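Coordinates in review
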Amino acid sequence: MREGSGMVEFERRFPNRYHDVGIAEQHAVTFAAGIACEGLKPVVAIYSTFLQRAYDQLIHDVAIQNLPVVFALDRAGLVGADGATHAGNYDIAYLRCIPNMSVMTPADENECRQLLYTAFLQDHPTAVRYPRGKGVGVEVQTAMTAIPLGKGEVRREAGQNTGTHGKRIAILAFGTLLYAALDAAERLDATVANMRFAKPLDMALVAELARTHDALVTVEDGCTMGGAGSAVLEALQQAGIAMPVLVLGLPDEFIEHGDPVVLMSRCGLDAAGIEQSILKRFGGRPALVRPAVHQ
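Here goes a summary of the coordinates provided. Since the model is a prediction, treat every value here as computed from it, not as a measurement.

Buried residues of helix α4 (residues 55-63): Q57, L58, V62 and A63, and no others. Down the axis of α4, the buried side of the element spans an arc of 145 degrees, and every buried residue falls inside it. Among the structural elements, α2 (25-37), α3 (48-51), β2 (70-74) and α5 (91-96) are those in contact with the buried residues of α4.

What follows is the structure in structure tokens.
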């Protein structure tokens, strides 16, 4: 089902599987809960910012009953042209605190497809957040392949004795900022992990990166207060691991209308901004590493 207009082609092809509830977020979520109670697996396609309007229903009608509803959260992160009202800056923070809920943060269009499939296979509430606009241009696999729940992956390994003042830095990227993080890491000679899940967090990977690096950096296109970086800090605290952690994300302010590329740059979340934030916190000069093109 979908809140609002759109998805005309899907409605035409599957008229008995599609329900357009209009601009009625609370009804959409409760309707999905009722469908799930009858043994089906509904997918609620909804803007990240508008799911906020159905927060009570999300908790009381879906999560408490641990129903297998998939929330496909469009417009996650900054949306640019529609301004602060439509920006999906808060979904990681407001979702990960809900028991039974899993929160997935795909890095690109192919991973989004596979994580939506992964979410559909679960027997509890799940959310897959993805941004407005085009993907980064990776090849989209036709086959649907489930990704192990709560498992990230290392996409780049740092050298042993290079990088920022000899420190080994690991960047933990949540969502589409993976590619900006990879570009920054080439200059800094840092490790980069594609975390893929804000909840459940891959604590085994976090602990391993903490053991083999001198500092961690988290990167997300969501609010830093209560977001994925906060999840990493909480996990480290619970594991008794004390080490420097730099949390990068959207600032504690409403971000107005503008070009998304410009807005992300102003927030320090493009490759140059991530690099400069790491250098400012940990000192040193960029490593002399040939830039790579990531596809």
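So, about the state of the cysteines. Here the structure, examined in full by the defined rule, presents zero disulfides. The thiol sulfur of C223 is not disulfide-bonded, and the nearest other cysteine sulfur, from C97, lies at 11 Å. On the basis of relative accessible area, C223 is assigned to the buried category, the value being 10%.

For the rest of this paragraph, the subject is the packing of helix α8 (residues 203-212) against helix α9 (residues 228-238). Interaxial distance between α8 and α9 falls to 11 Å at its minimum, and their mutual angle equals 75 degrees. Overall, the two elements α8 and α9 adopt an arrangement that is roughly perpendicular. Two secondary-structure elements touch here, α8 through M203, V206 and A210 and α9 through V232, A235 and L236.

With that settled, consider unusual backbone geometry. K199 connects to P200 through a cis peptide bond whose omega is -5 degrees. As for its placement among the helices and strands, P200 is situated in the loop between β8 (197-199) and α8. Even without glycine at this site, R75 takes up a positive phi of about 60 degrees. The residue R75 is located in the loop between β2 and α5 in this model. On the basis of relative accessibility, which here comes to 17%, the residue R75 falls in the buried class. With phi around 75 degrees, N100 is a residue other than glycine that occupies positive phi space. With respect to the element layout, N100 can be found in the loop between α5 and β3 (102-104).

Conventions used here
Residues numbered from 1 in each chain as written. Predicted model: local features only at pLDDT ≥ 70, side-chain atom pairs only at ≥ 80, totals over all residues. Heavy atoms only, no water. Buried < 20%, exposed > 50% of the residue type's maximum accessible area, 1.4 Å probe, protein only. Helix = DSSP H or I, 4+ residues; strand = E, 2+ residues; numbered from the N terminus. Arc of directions from axis to C-beta. Contact = heavy atoms within 4.5 Å. Disulfide = S-S within 2.5 Å. Axes fitted to C-alpha atoms, helices over the stretch in contact; angles between N-to-C directions. Parallel < 35°, antiparallel > 145°, perpendicular 65-115°, else oblique.

The quantities given are spatial measurements derived from coordinates; they are silent on function.
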